[in-house]
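# Chains, contacts and geometry: an overview
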Amino acid sequence: MFLSLILGEDKSWPFLQRLWREQIRFYPKRILLIVISTIFMAGLTALYPLVIKRALDMFKDNDPRILYQIPALVVMVTAAKAASQYIQTLSVQDLVLQIIRGLQKKMFLHLVHADISLVEKEAPAQLSARFTTDALSIREAMIRMVNAFGDAITVISLIVSMFYMDWELSLIAALLYPIAAVPIQKLGKRVRKASGNMQEQVGKTAALLNETFSQARTVRVYGMEKREIRRLGQSFDQLYDATLKIIRGRAKVDPIMEVLGGSAVAAVLGFAGWRAAMGGATLGDFSGFVAALLLAARPLRALGSLNAAMQEGISGLNRIFNIIDQPIKIKDKMNALPLPNGKGKIQFQNVHFIYPDREVGLHGLNFEIEPGQTVALVGPSGAGKSTALTLIPRLHDIQQGQIIFDGVDLRNIKIHELRSAIAYVPQDPLLFDMSIIDNIRIGNPYASKEEIEKVLEGAAINRFLGDLPKGLDTNVGHGGQCLSGGQRQRIALARALIRNPRLLLLDEATSALDTESEHVIQKALAKLRRDCTTLIVAHRLSTIRTAHVIIVVSDGKVVEQGNHDYLMKQQGMYARLIQTQNLDY
Ligand code: ADP
């Protein structure tokens, strides 16, 4: 009865059990400390009314010992309670924070390895909300739960001391409290639902804010301010509504408890008054009893509102577990192979890949690239060229067919080793908010000074270093926004080059590089290409012409293949793309 009053629905149990299994039980010493200090604290609170009763009884009997016994007793009890309270608060907070940290680390570990499609399904701010707002509500609920344990002991010991002082009065008071259970349970359910909505809304608002601020330039130039103000305004309104719903639920609990508590005190006073008139109990008994009743009010009220706070925490926990439980599909097979020896031969055999919930993708892609070759993928926009690149480092897994890397289906190779042989430069690379050199070193943390010098030259980075205040140590800002698009691309390229990859994947930017840098980079790439296979989603004619093989992709299929001269002679799609200059779309 007591537990169900606190926990409301049984649905909370599995979450709490799991939290216990996965986090809490690993801290047995701390739990013991919390239990002991909580019992101490609660038990000492229950001594207060007994001290009052003793004082009043001595007072009535004109006992001279009241002068030194009672003050000493009061100081001892309060000091002991204060000390146990201090220890209890610290140990509870520490345990709860450790558990939250454990959940955060577990969730991050999962997300950092999770399939890219899973991570990209939600806005980054929505995901971060799981680490902040949800963690906060769980923390709140857990602290309340431990305190509830203390409150329950306080109430039980107060009830014991009440029965010890006056069992008849105790019975009257005790009858009234359980009536509170029903409305409080109902409120708990409602709060849980409202809490889910609110947390969701917090995430959505954060995602919208993130979008508006990260696209601050577009917002201004396209005069989107009013639209954004309206959009965010609506989101703030919904957040207000969702939060108010919880507050409404929570706000009802205290008054209900207050009224019930008041009725209990009134009934007790009435009964005690009637009995005093009949010449019953002592003043000490009565005062001690009323003191106990009043002391019990706060912990009882806290217990009453616990369900609501718990439900908020449970719904946060639910969302965190939902993330942790999402299966990771792209992972090493049981008997995954090491990276095969080879020079970077790639074969796409009847490769099918369709994005989840979409019809688009690749529908039977076939081609073969010999080691050391440079292959340009060209074709209309949306044909599936970039998608084909992402399949090689297994950012997505194909649904049919196979991609063979140096003789082995790449799904059989250990992912870590496979990726270590690949360098990838996306079309519009974002950099990490750190120095240029650190951004480059991501490609190979063990690169020597000479190797770095070489790629700085190769990726034409030396050309703009002089303009930067701290040269290589200049911080690039959030996403690399303190640099131009072309500079960002060159840093991303340097990162790829320093990896010394077996396979280089380039998603060529359409316009980020100036002609001169492009020339330098082409030269560096030409040198590198001798040692590695290069697959470029190409938009520039200059890149395409230097490729050994051009693969023309349309609607997720290869429609033509050959070098520039051959394909021009065919007068097919490639010739049309070149003639209409449609390569940049
Ligand atoms: P290309 O590089 O040839 O321009 P893409 O490979 O980028 O084409 O895209 C191929 C198709 O897949 C397009 O229709 C595009 O809308 C769709 N697409 C690309 N990325 C995603 C994604 N993450 N989720 C769903 N669909 C996508």
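Residues numbered from 1 in each chain as written. Predicted model: local features only at pLDDT ≥ 70, side-chain atom pairs only at ≥ 80, totals over all residues. Heavy atoms only, no water.

If you look the protein chain up in an unreviewed UniProt entry, it shows as ABC transporter permease from Commensalibacter melissae. According to its UniProt record, the protein chain has this under Subcellular location (unreviewed entry): "Cell membrane". According to the UniProt record, the Function (unreviewed entry) comment for the protein chain is "Part of an ABC transporter complex. Transmembrane domains (TMD) form a pore in the inner membrane and the ATP-binding domain (NBD) is responsible for energy generation." (UniProt positions renumbered as here; feature names shortened; annotations may be inferred.)

## Overview of the site of the ligand
Every residue near the ligand is listed here: Tyr 355, Arg 358, Val 360, Pro 380, Ser 381, Gly 382, Ala 383, Gly 384, Lys 385, Ser 386 and Thr 387. In this structure, Tyr 355 approaches the ligand through a side-chain N or O atom, which is 3.2 Å from a nitrogen atom. In the model, an oxygen atom of the ligand is placed 2.6 Å from a nitrogen or oxygen of the Ser 386 side chain. In the complex, 67% of the free accessible area of the ligand, which totals 560 Å², lies under the protein chains. (Near = heavy atom within 4 Å. Polar contact = N/O pair within 3.5 Å; in protein donor to acceptor, adjacent residues only side chain to side chain. Areas by Shrake-Rupley, 256 points an atom, 1.4 Å probe, with all protein chains shown as cover.)

## Brief notes about a positive patch on the surface
The grouping of Arg 190, Lys 193, Lys 245, Arg 248 and Lys 252 at the surface amounts to a positive patch. Going through the elements one at a time, helix 9 (181-214) and helix 11 (225-277) are the ones with two or more residues in the positive patch. Ranked by residues supplied to the positive patch, first place goes to helix 11 with three residues. Secondary-structure assignment places Lys 252 in helix 11. A relative accessible area of 39% places Lys 252 in the partly exposed class. (Patch = residues over 30% accessible without salt bridge, like charges linked within 9 Å, V, L, I, M, F, W, Y side chains within 5 Å. Salt bridge = Lys/Arg side-chain N within 4 Å of Asp/Glu carboxyl O. Lys, Arg positive; Asp, Glu negative; His and termini not counted. Charge placed at Lys NZ, Arg CZ, Asp CG, Glu CD. Helix = DSSP H or I, 4+ residues; strand = E, 2+ residues; numbered from the N terminus. Buried < 20%, exposed > 50% of the residue type's maximum accessible area, 1.4 Å probe, protein only.)

## Focus: a negative patch on the surface
Taken together, Glu 450, Glu 451, Glu 453 and Glu 457 make up a surface patch of like negative charges. In this structure, Glu 450 sits in helix 16 (residues 449-458). Taking the relative accessible area as the measure of exposure, Glu 450 reaches 58% and is therefore exposed.

## Considering the pattern of salt bridges
Within the structure shown, the criterion is met by 15 salt bridges. The salt bridge partner of Glu 211 is Arg 231, with a shortest N-O separation of 2.8 Å. Of this pair, Glu 211 sits in helix 9 while Arg 231 sits in helix 11, and the two are 20 residues apart along the sequence. Given a relative accessible area of 37%, Glu 211 falls into the partly exposed group. Of the residues examined, Arg 231 reaches a relative accessible area of 23% and is grouped as partly exposed. Three or more residues are tied together by salt bridges with common partners; here these are Arg 18, Glu 22, Lys 106 and Asp 325.

## Topic: the pairing of strand 9 (residues 549-554)
The element strand 9 is extensively covered by neighbouring structure, given that six of its six residues are classed as buried. Going residue by residue along strand 9, you find Val 549, Ile 551 and Val 553 tucked away on one face and Ile 550, Val 552 and Ser 554 tucked away on the opposite face as well. With four bridges connecting them, strand 3 (residues 374-378) and strand 9 associate as parallel partners. Its bridge partner being in strand 9, Val 375 is matched across the sheet by Val 549. With five bridges joining them, strand 9 and strand 10 (residues 557-562) adopt antiparallel strand pairing. Paired with Ser 554 across the two strands is Lys 557, which belongs to strand 10. (Pairing = 2+ DSSP bridges.)

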